[in-house]
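# A closer look at the structure
The lines below spell out each chain.
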Amino acid sequence: MPTYPKCAYFTLAPDWICEILSPSTSQLDRAQKLAIYAREGVGHAWLIDPDARTLEVLRLENGRWSILATHAGSEVVRAEPFAEIEIELQALWID
């Protein structure tokens, strides 16, 4: 069984984060949260927009986010940092 720290937060940044965008939080997720993730050294970020049916794949390079790819619709994709796994985007969207 895994053990968990006895604090309210983790001090180690994750390698990857995924934000689900919504009209009410998109600006916060893109501007403020991505800046915090960059500052803390998170290596990869995915931004999923259910309304636009898109997945944006970003990588942190020299303290700045680079967009590696934007996938849309019902594509089957491989995306960093999980390039070994095929992801069916259609499974993310509610029809």
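In what follows, the structure referred to is the one given above.
In this report, we go over the structure that sits alongside the text. Here the structure is a predicted model, which is why all the values come from computation and not from measurement. (Residues numbered from 1 in each chain as written. Predicted model: local features only at pLDDT ≥ 70, side-chain atom pairs only at ≥ 80, totals over all residues. Heavy atoms only, no water.)

### A few points about the overall build of the chain
Of regular secondary structure, the chain possesses 1 helix and 6 strands. Counting helices and strands in the order they occur from the N terminus, the chain gives β-α-β-β-β-β-β. C-alpha atoms of the chain, sized along the principal axes, occupy 40 × 35 × 30 Å. By the burial criterion, 27% of the 95 residues in the chain qualify as buried. In the chain, the share of contacts with a sequence separation of at least 24, taken over all contacts with a separation of at least 6, comes to 38%. Here the chain displays about 6,800 Å² of accessible surface, and carbon together with sulfur accounts for 55% of that area. For the chain, the distance from the average site of its 8 positive side-chain charges to the average site of its 14 negative ones is 7 Å. (Helix = DSSP H or I, 4+ residues; strand = E, 2+ residues; numbered from the N terminus. Buried < 20%, exposed > 50% of the residue type's maximum accessible area, 1.4 Å probe, protein only. Contact = heavy atoms within 4.5 Å. Areas by Shrake-Rupley, 256 points an atom, 1.4 Å probe, with all protein chains shown as cover. Lys, Arg positive; Asp, Glu negative; His and termini not counted. Charge placed at Lys NZ, Arg CZ, Asp CG, Glu CD.)

### Topic: the sheet that holds strand β2 (residues 44–49)
Spatial ordering of the open sheet is given by β1-β2-β3-β4, a layout of 4 strands whose pairing is mixed. With partners counted over all chains shown, the strands left at the sheet margins are β1 (16–20) and β4 (64–72), one partner each. Each neighbouring strand pair of the sheet contributes to a mean axis angle of 20°, computed without reference to strand direction. Sheet topology places β1 next to β2; 5 bridges connect them, and they run parallel. By the bridge assignment, Cys18 is partnered in β2 with Trp46. (Pairing = 2+ DSSP bridges. Axes fitted to C-alpha atoms, helices over the stretch in contact; angles between N-to-C directions.)

### Let's talk about helix α1 (residues 26–40)
For α1, built from 15 residues, the straight-helix expectation of 21 Å at 1.5 Å per residue is met to within 8% by its first-to-last C-alpha distance of 20 Å. A maximum bend of about 35° is found in α1 at Lys33. Those residues of α1 that sit buried are Asp29, Leu34, Tyr37 and Ala38. Buried residues along α1 sit in contact with β1, β2, β3 (54–61) and β4. Just downstream of α1 lies Gly41, where phi reads positive at about 85°. (Expected span 1.5 Å × (residues − 1). Bend = angle between axes of the 7 residues up to and from the residue.)

### Concerning the pairing of β4
With 8 bridges joining them, β3 and β4 adopt antiparallel strand pairing. Of the residues in β4, the one forming a bridge with Leu55 is His71. Where β3 folds back onto β4 in an antiparallel hairpin, the turn is made up of 2 residues, including Asn62, whose phi is positive at roughly 55°.

### Observations regarding the pattern of salt bridges
Counting across every chain of the model gives 7 salt bridges. A salt bridge links Arg59 to Glu80, with the shortest nitrogen-to-oxygen separation between them at 2.6 Å. In this pair, Arg59 is assigned in strand β3 and Glu80 in the loop between β5 (76–77) and β6 (87–88), connecting sequence segments 21 residues apart. We classify Glu80 as partly exposed; its relative accessible area is 28%. With a closest N to O distance of 3.5 Å, Arg78 and Glu86 form a salt bridge. With a relative accessible area of 47%, Arg78 lands in the partly exposed category. One network of salt bridges, with partners in common, ties together Glu19, Asp29 and Lys33. (Salt bridge = Lys/Arg side-chain N within 4 Å of Asp/Glu carboxyl O.)

Nothing here speaks to function; it is all geometry.
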